[in-house]
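Below are the chains, spelled out letter by letter.
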Amino acid sequence: MDNGIRLAEYRAIYGYPSLNKYAIDPAKTIRIFVQNGHVELDGVVDTQADKDTANICANGVPGVFSVKNNLRVANQPSESAQK
């Protein structure tokens, strides 16, 4: 089941027009991990809008229980660095 969800996540995220650039550039890729229906996104994206869009796409896949969005926006300090 996790492999099916992973494939559906891949299609949902990379099939979205503003996010397909991350499928082309190996230096900037969105990594998708699935364990027991729980999805985790990791990587670096260009904008907050791309991060939010990836989250929306990931949450729209049937069979997903939760999505943890660990994507980081390029040239922005991480939340832990801001504290």
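Scroll up to find the structure.
Residues numbered from 1 in each chain as written. Predicted model: local features only at pLDDT ≥ 70, side-chain atom pairs only at ≥ 80, totals over all residues. Heavy atoms only, no water.

Participant: Got a minute to help me understand the sheet that holds strand S2 (residues 38-45) in this structure?
Facilitator: For sheets, the rule is that strands pair by backbone hydrogen bonds, running either parallel or antiparallel. The strand order across the open sheet formed by three strands is S1-S2-S3, and the pairing between neighbours is mixed. Looking along the sheet, the strands with just one partner apiece sit at the ends: strand S1 (30-35) and strand S3 (66-73). The average undirected angle you get between the axes of adjacent strands in this sheet is 10°. Relative to S2, S1 runs antiparallel, the two sharing six bridges. What sits directly across from Ile 30, in S2, is Gly 43. Packed onto the sheet, helix H1 (residues 2-14) meets S1 and S2 and runs at close to 155° relative to S1. (Pairing = 2+ DSSP bridges. Helix = DSSP H or I, 4+ residues; strand = E, 2+ residues; numbered from the N terminus. Axes fitted to C-alpha atoms, helices over the stretch in contact; angles between N-to-C directions. Contact = heavy atoms within 4.5 Å.)

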